[in-house]
Amino acid sequence: SNGGCYSGTFMEYNVRLMISKNLGVRQYDEMRPLGKDGDFQAPCDTVSEEYRPFCVLLLPQWWSTSILKDDHSKEAFKKMGDMCHTLSKDIGAAFNTPCFQGMGLSTGTDPDLTISLCAASSEKAQEQLACRSYSAHFTSSLLGVEEGLKVCKGLTGSDAKYCDSYARDQTGFFGVNG
């Protein structure tokens, strides 16, 4: 799909696996401020709006690796949630959901840890759901649907159906906004 191609472009920009084994993850410039025009939004704050959701989807993966040094603590995910909120204020509210979805790609595959990290990322249930649903899809793709569905445990009603649809790959994963 085009979405997969666009997302792959931004993933490569951030983690640089295909360019060179020695180049490694794009480095964060700590001298630039977090916030408006801060390095942590690049390149999503400058790409065409058409590609921005795909760019934003992959930013939390880069934040997790480059800025937070693979810290999988509740505090780190709270910080990423705050970064998503800042990003959506700066470049547009429509990019809040893809940002939280992208966090779900950085939780790992342990269902209980994922639920805990997504809960820590935000006080808003819809943002937590975006994180959990993308993690459910990611976990399913690596370990099978039954494992992915474990990320959805405890959800009810339409939230459970939404998460289950991601775990079962019924959403068109790169439809970014769900």
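All of these numbers come straight from a predicted model, not from anything done at the bench.

Turning next to the overall build of the protein chain. Within the protein chain one finds eight helices and zero strands. Starting at the N terminus, the α and β elements of the protein chain follow one another as α-α-α-α-α-α-α-α. When burial is assessed residue by residue, the protein chain has 48% of its 178 residues classed as buried. Working note: accessible area of the protein chain is about 8700 Å², and carbon and sulfur atoms make up 53% of it.

Looking now at the environment of Trp62. Note that Trp62 resides in helix α2 (residues 52–67). It is 9.9 Å that separates the C-alpha atoms of Trp62 and Met103, two residues lying 41 residues apart in sequence.

Moving on to the nonpolar core. Formed by 25 residues in total, the largest nonpolar core has its most connected members in Val56, Trp63, Ile67 and Met103. Counting only elements with at least two residues in this core, the list comes to α2, α3 (74–91), α4 (96–103), α5 (111–121) and α6 (125–143). Once you skip the residues sitting within four places of it in the chain, Val56 turns out to touch Cys44, Leu87, Ile91, Phe95, Pro98 and Cys99. Counting seven residues, the second-largest nonpolar core is a separate cluster that includes Ala136, Leu149, Cys163 and Ala167.

Now for the packing of α3 against α4. Between α3 and α4, the least distance of the axes is 9 Å, while the angle of their chain directions is 155°. Compared by their axis directions, α3 and α4 come out roughly antiparallel. You can see that α3 and α4 cross each other, and the crossing is right-handed. Along its contact with α3, which presents Phe77, Met80, Gly81, Cys84, His85, Leu87 and Ser88, the element α4 presents Asn96, Cys99, Phe100 and Met103. Looking at the contact of α3 with α4 residue by residue, the class counts come to seven nonpolar, four polar and no charged.

Following the criterion strictly, the structure yields three salt bridges and no others. Close ionic contact of Glu147 with Lys150 constitutes a salt bridge, the shortest N to O distance being 2.7 Å. One end of the pair, Glu147, and the other, Lys150, are both in helix α7 (residues 145–150), three residues apart, so they sit about a helical turn from each other. A relative accessible area of 39% places Lys150 in the partly exposed class.

What follows deals with the packing of aromatic side chains. For any pair of aromatic rings, geometry is given as the distance between the ring centres together with the angle between the planes. Applying the stated rule across the entire model yields two aromatic pairs. Ring centres of Tyr134 and Tyr166 lie 5.2 Å apart, and the angle between their planes is 45°; on these two criteria the pair is classed as tilted. Within this pair, whereas Tyr134 is found in helix α6, its partner Tyr166 is found in helix α8 (residues 157–167), the two being separated by 32 residues in sequence. For Tyr134, a relative accessible area of 0% corresponds to the buried category.

Analysis parameters
Residues numbered from 1 in each chain as written. Predicted model: local features only at pLDDT ≥ 70, side-chain atom pairs only at ≥ 80, totals over all residues. Heavy atoms only, no water. Helix = DSSP H or I, 4+ residues; strand = E, 2+ residues; numbered from the N terminus. Buried < 20%, exposed > 50% of the residue type's maximum accessible area, 1.4 Å probe, protein only. Areas by Shrake-Rupley, 256 points an atom, 1.4 Å probe, with all protein chains shown as cover. Core = buried A, V, L, I, M, F, W, Y, C linked by side-chain atoms within 4.5 Å. Contact = heavy atoms within 4.5 Å. Axes fitted to C-alpha atoms, helices over the stretch in contact; angles between N-to-C directions. Parallel < 35°, antiparallel > 145°, perpendicular 65-115°, else oblique. Left-handed = near helix turned anticlockwise from the far one by under 90°. Nonpolar A, V, L, I, M, F, W, Y, C, P; charged D, E, K, R; others polar. Salt bridge = Lys/Arg side-chain N within 4 Å of Asp/Glu carboxyl O. Phe/Tyr/Trp six-rings, centres within 6.5 Å; stacked < 30°, edge-to-face > 60°.

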